[in-house]
Amino acid sequence: QVQLEESGGGLVQAGGSLRLSCAASGRAFSSYVMAWFRQAPGKEREFVAAINRSGGSTAYADSVKGRFTISRDNAKNTVYLQMNSLKPEDTAVYYCAAALIGTLSTREYRYGYWGQGTQVTVSS
């Protein structure tokens, strides 16, 4: 079991940057594939980015590729999402998720552990 808690959300102007953090409990953080999903008002939750156990492989949604960077620090039990060049369409609640799987996945159902979410609002 792992508990996840996101932080770092807030209000930012279009073109600005934010860095989200997800702090995980326990000692087995490095065993989990980690990911970020987001859910905008009235929309389905969608995949944003994922990172493998070692941090050597990443995957991104096309909508954020080149703007967002996922990273992890296993010594700190933390995964990050650096968000640059933010757009109003990035406005959403961002969720951190963890999965005991061997490879990266963009599928929500593969992730068994979820944080409570942090709000990101990008003004135009």
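Each remark here, short or long, concerns the structure printed above.
Since the model is a prediction, treat every value here as computed from it, not as a measurement.

**Q** Would you mind going over the side chain of Ser105 with me for this structure?
**A** The topology assignment puts Ser105 in the loop between strand 9 (92-99) and strand 10 (113-114). From its side chain, Ser105 meets the backbone nitrogen of Arg107 in a polar contact 3.1 Å long.

**Q** Explanation requested: the state of the cysteines in the structure shown.
**A** In protein chemistry, a disulfide is the covalent bond that joins the sulfur atoms of two cysteines. Evaluation of the coordinates by the stated rule reveals one disulfide. With a sulfur-sulfur separation of 2.1 Å, Cys22 is cross-linked through a disulfide to Cys96. Every disulfide takes its handedness from the sign of the S-S torsion; for Cys22 and Cys96 that torsion is -80°, giving left-handed. Of this pair, Cys22 sits in strand 3 (residues 18-24) while Cys96 is found in strand 9, placing the two residues 74 residues apart along the sequence. Exposure remark for Cys22: the relative accessible area of 0% places this residue in the buried category. In this structure Cys96 comes out as buried when scored by relative accessible area, which is 0%.

**Q** Sorry if this is basic, but what is going on with the sheet that holds strand 1 (residues 4-7) here?
**A** Strand order in the open sheet formed by four strands is 1-3-8-7, with antiparallel pairing between adjacent strands. Each of the sheet's edge strands pairs with one partner strand only, and the pair in question is strand 1 and strand 7 (68-73). The average undirected angle you get between the axes of adjacent strands in this sheet is 15°. Bridge count between strand 3 and strand 8 (residues 78-83): six bridges; the pairing is antiparallel. Considered in strand 8, the bridge of Leu18 is made with Met83.

**Q** It is not clear to me how empty space enclosed by the protein should be interpreted in this structure. Could you clarify?
**A** Left-over empty space is what a probe sized like a water molecule reveals as it rolls over the atoms. Tallying each qualifying case throughout the model produces one cavity of 30 Å³ or more. Put simply, the largest cavity is a space of about 40 Å³. What lines the largest cavity is simply Arg38, Gln39, Ala40, Lys43, Glu44, Glu46, Glu89, Thr91 and Ala92. Counted by class, the lining of the largest cavity contains two nonpolar, two polar and five charged residues.

Cut-offs applied
- Within any chain, residue numbers begin from 1 and follow the written order of that chain's sequence.
- For a predicted model such as this one, the threshold for reporting local features is a pLDDT of at least 70, and the threshold for listing and counting side-chain atom pairs is 80 or more; totals across whole chains, interfaces and linings nevertheless cover every residue.
- Where side-chain values are given, they derive from all heavy atoms of the structure, hydrogens and water being excluded.
- Helix and strand definitions follow DSSP, with helices as H or I runs of at least four residues and strands as E runs of at least two, each counted in order from the N terminus.
- Two N or O atoms form a polar contact when they lie within 3.5 Å of each other; inside protein one atom must be a possible hydrogen donor and the other a possible acceptor, and for residues adjacent in sequence the pair counts only when both atoms belong to side chains.
- Put simply, a disulfide is two cysteine sulfurs that come within 2.5 Å.
- Burial here depends on accessible area, computed with a 1.4 Å probe over protein chains only, as a share of the maximum for the residue type. Under 20% is buried, over 50% is exposed, and the range in between is partly exposed.
- The pairing criterion for strands is at least two bridges between them, as found by DSSP.
- Orientation is described by lines fitted to C-alpha atoms, with helices fitted over the stretch in contact, and by angles between N-to-C directions that extend from 0 to 180 degrees.
- The definitions used throughout rest on a 1 Å grid laid over the protein atoms alone, on which a cavity is an enclosed set of points accommodating a 1.4 Å probe that cannot get out and a pocket is an open set flanked by protein within 12 Å on both sides along at least five of seven lines; lining residues are those having an atom within 4 Å of a point.
- Grid points are joined across faces, edges and corners, and a volume is the space filled by probe spheres set on the points.
- The residue classification treats Ala, Val, Leu, Ile, Met, Phe, Trp, Tyr, Cys and Pro as nonpolar and Asp, Glu, Lys and Arg as charged. All others, Gly included, are polar.

Without other data, these values stay purely geometric and don't point to any function.
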